[in-house]
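# Inside the fold
Each chain, letter by letter, is given below.
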Amino acid sequence: MTRKWSRRLSISLLAAMMLAVMLAGCSGGNRESANPPATSDTNTTTNEDYGDTGGLKLPLVDKPVELTWMVVSDNTRLNDSLVIKEIERRTGIQLNIQAYPSATYGEKLKAVVASGKLPDLFHGLTMAEINKMGAQGVLTPINKYLDQLPNFKQLYVDNPENNWVMKTYSDDKGNIYPWPMYGVNRDVNHGFLYRKDIFDKNNIKLWTNTDEFYQALKKLKEIYPNSYPYASKTKEYIFRDWGYGWGVVNNEYPAFFDEKTHQWKFTFTQPEYKDMLDFMKKLYNEGLIDPEFLTDTEASWTSKMTNDKSFVTFDWIGRLDMFYNQVKDNNPNYNLRYGNPVGPSNKIRSLPKISSYGLVVTNNEKKEAALKLLDYLSSPSGAELIMLGVKGKSFDIDANGKVVYPELKDVPNVDIKMLEEKYGCWVEGMYLRADKRSVYFNFTEKEQEAQDMMKGKMEPLDPMLKFTDEENKTKADLYPELYKAAVEFSTQYVLTKSYGDKEWQDWLEKAKKLGVDKYIDLYNQAQKRYDAQ
């Protein structure tokens, strides 16, 4: 990689990382997951000791190989963890894990890319940046090695439901660089959460529409005048999270596909989005939403949600039990539950079966070993290792066929964050295929309620479009300023009492000058090609 190229990439990488985080969803304990088959769908060679490897023969290398892998994790002891050591024992590949917390990962990756000294495996770039690096010869094209990658081939080449990946994820020359992840999305993973114990105590019914939501917050404020009924920790992502309920957000945020008009549109310039901002503004002006809703830290937000300072929020469903476990000794009646959507569409987001966080392999002498390792982790055997651990060492199967953790038998709720910390399971950047037996899919009663409540209330996924390299470059050039300006305007609109129709019109004009029409036209042109196919 040339220094000149590295400098250009590093300038835009921070904004690119922001988009990657939004599209990928939450990190750490907030992962989103789904239901893959327990075994491969094709005839495969099975390693007797390690289960179904999808046809791969272990070990993967003839002589020991060391790979560096940059991941998101708070666990500073991953290299000594059970799972990482087991990977070496099975594959012959020793991993040097470079772990950074989610809060600093983006900046660290920016510095690493700028230096030109890349780890063998890493993730976090957008498709445009990945294809640009691939064209420079910095990254390894997966498609050149399909004969060595039976699991990738089975999942994304031979499967007619999934082989769109080879087109959508590839560049103009047909080279595909990012390794997808399969089945790692649950149906319902985020949404509005509310304190059912407080609602029941004060005879407040769960809302079924936007006005009832407002009336519930208003009543809570009357009963608890020192409270702010709604609190948030997601900062500017509240505009994205709420946007699903107003029908202006989907998986390509801040672009979305309007099924009624069969056109792509820009979230921040739609009249429905203005309606949402007006509603937020109303809540803010009446003291129904925490004044720190755009700046609050997770620690501060947690305190508010567990100490009767706030009663409604939007977050990951794992909080339903997590918060209860934190406060049950002092407040055994604490009962956080999943609530209905807010907004006229009455919908929540759908999560795809296949997604990507931009996991790539650096093009060097170790690339084949790295690709084979990713292929192993995409097998049922590899999925078990990453998501469950090592049978007989970290987990066992009880008489009912359920995965149990003997060393954690006294823990009331074993979650994936705990497994990451203790065994090195569920490290972001390493899980590539879901094992349905994982605790992640063993829904608690509260989590199952959320799954059941939202059946039929999910927005359809937007089409997965293929952009040319030039289109990806244009998107990457336009996005940072557009997004930054949109968030700044949205923030000022809600917080400034005097903002109204005039400021909205001014914003629309500014968005035009920043290239919003050109940005959306890229999607509509790609949609025409999609329809023609």
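Look above for the structure.
Residues numbered from 1 in each chain as written. Predicted model: local features only at pLDDT ≥ 70, side-chain atom pairs only at ≥ 80, totals over all residues. Heavy atoms only, no water.

## Quick notes on helix α10 (residues 271–285)
The terminal C-alpha atoms of α10 lie 21 Å apart, and with 15 residues this matches the ideal 21 Å at 1.5 Å per residue to within 8%. Inspection of α10 places Y273, K274, M276, L277, F279, M280, K281 and L283 among the buried residues, and these make up the whole buried set. In this fold, the buried residues of α10 make contact with α8 (210–223), α9 (238–243), α17 (469–495) and α18 (501–513). Following α10 by one or two positions, G287 adopts a phi angle in the positive range, close to 70 degrees. (Helix = DSSP H or I, 4+ residues; strand = E, 2+ residues; numbered from the N terminus. Expected span 1.5 Å × (residues − 1). Buried < 20%, exposed > 50% of the residue type's maximum accessible area, 1.4 Å probe, protein only. Contact = heavy atoms within 4.5 Å.)

## A few points about the packing of aromatic side chains
Evaluation of the coordinates by the stated rule reveals 43 aromatic pairs. Plain terms: the ring middles of Y194 and F199 are 5.0 Å apart, the flat faces sit at 70 degrees to each other, and that makes the pair edge-to-face. Exposure remark for Y194: the relative accessible area of 7% places this residue in the buried category. Looking at F199, the relative accessible area reads 0%, which means it is buried. The structure contains a cluster of three or more aromatic residues connected by ring pairs, namely Y253, F257, W264, F266, F268, Y273, F467, Y479, Y483, Y519 and Y523. Across the ring face of Y440, the terminal group of R186 is positioned such that the distance to the ring centre comes to 3.7 Å. Across from the ring centre of Y493, 5.1 Å away, lies the NZ or CZ of K281, which sits over that ring. (Phe/Tyr/Trp six-rings, centres within 6.5 Å; stacked < 30°, edge-to-face > 60°. Lys NZ or Arg CZ within 6 Å of the ring centre and 35° of its normal.)

## Focus on the sheet that holds strand β10 (residues 312–316)
The strand order β10-β7-β11 describes an open sheet built from three strands, whose pairing is antiparallel. Of all strands in the sheet, those bounded by a partner on one side alone are β10 and β11 (336–338). Each strand axis lies, on average, 40 degrees off the axis of its neighbour in the sheet, ignoring direction. Both strand β7 (residues 190–195) and β11 contribute to a ladder of three bridges, which runs antiparallel. (Pairing = 2+ DSSP bridges. Axes fitted to C-alpha atoms, helices over the stretch in contact; angles between N-to-C directions.)

## As for the side chain of E86
Positionally, E86 belongs in helix α2 (residues 82–91). Owing to a relative accessible area of 2%, E86 belongs among the buried residues under this scheme. Within polar-contact distance, the side chain of E86 engages the side chain of R89 at 2.9 Å. Every residue in contact with E86, bar those within four places of it in the chain, is listed here: Y50, L385, V390 and K393. (Polar contact = N/O pair within 3.5 Å; in protein donor to acceptor, adjacent residues only side chain to side chain.)

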